[in-house]
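Spelled out, the chains give:
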Amino acid sequence: MTNYAAAGRQATTAPNADPDNHPILVDTTDAVRTITLNRPAALNSFDSGMKHAMLSVLNDAASDDDVRVVVITGAGSAFCAGQDLKEHLVRVRAQDPRVAETVTEFYNPMIRTITTMNKPVIAVINGVAAGAGAALAFACDARIAASSASFSMAFARVALSADSGASFTLPRLIGRGRAMRLMMTGEKVGAVEALRIGMVDEVVNDEALADRVHAVAVDLANSSTVALGWIKASLRYGETHSLDETLEFENEAQVACFASPDHREALDAFVEKRRPTFRP
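Computed from a prediction, not measured in an experiment: that's the story for all the values here. (Residues numbered from 1 in each chain as written. Predicted model: local features only at pLDDT ≥ 70, side-chain atom pairs only at ≥ 80, totals over all residues. Heavy atoms only, no water.)

A.B. asks: Explain the packing of aromatic side chains residue by residue, including any values.
C.D. replies: All chains considered together, the criterion is met by 6 aromatic pairs. When the centroid spacing of 6.0 Å and the interplanar angle of 20 degrees are considered together, the rings of F138 and F151 count as stacked. Of this pair, F138 sits in helix α4 (residues 132-139) while F151 is found in strand β9 (residues 150-152), placing the two residues 13 residues apart along the sequence. In this structure F138 comes out as buried when scored by relative accessible area, which is 3%. The buried category is assigned to F151, whose relative accessible area is 2%. With a centroid separation of 4.3 Å and an interplanar angle of 15 degrees, the aromatic rings of Y237 and F249 are classed as stacked. Note that Y237 is positioned in helix α9 (residues 225-238) and F249 in helix α10 (residues 243-258), a separation of 12 residues in sequence. Given the relative accessible area of 22%, Y237 is considered partly exposed. Given the relative accessible area of 15%, F249 is considered buried. One aromatic cluster is present, formed by F46, F106 and Y107 through successive ring pairs. Taking the ring centre of F168 as reference, the NZ or CZ of R172 above it sits at 3.6 Å. (Phe/Tyr/Trp six-rings, centres within 6.5 Å; stacked < 30°, edge-to-face > 60°. Helix = DSSP H or I, 4+ residues; strand = E, 2+ residues; numbered from the N terminus. Buried < 20%, exposed > 50% of the residue type's maximum accessible area, 1.4 Å probe, protein only. Lys NZ or Arg CZ within 6 Å of the ring centre and 35° of its normal.)

Note that all results are geometric; they support no functional claim without further evidence.
Below is the structure:
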């Protein structure tokens, strides 16, 4: 059992969790690491304590071979409202130099860790997702939303530009035109509309959300993490490289997969007409 002294702790998450006021709660079940943002009274917005905790927990999940899938969600009625503006205002008024450092020291590392870890990351949007909170969801490999969820690119409304990779991820999900409008206006997008335009992959009734996420996460955890890691890397590579370069990268990925124990196990299972058993 992992002990997160300042960064959260191993715990069983709950919809309205706030045990001992830890900013991040962590649960590992069936090789699925669930990370719950746990400041429900502040709509799970990122203050300095949660930022440090989030980076620690994400890095641990990325490096733990026993973790095969990562799920990120929020406690209470929100997924994440982005930056804690009350703390931010205090620092702006004090001309605190940490204001200018928060993107490079927290938001950028958070998004890089999520997008580069060689295992699937699922965002479970259980409520409000705004600003960097919405961008956090967009950076994940899959997005499952409750019917009560909503999204708002609220940066411009507080006289800020986009961060947390939103200008990269959102246009690739919904197209440049829609992304531009949503970033400039900050208008709210409900779950049904988010599904229609490709912002999320699935919408589930609130009461069925936990069961559905568990089923999806366990199915992925039982898959080949070698293959899933290379698929994730190939898609990321293809976003910024030419076709010829991507073909070469895909070849590298396949050569690695051909040599993996997972591939041999999958072939044996196919011949023996059974489900494969993949191991860390």
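Anyway, onward from the coordinates.
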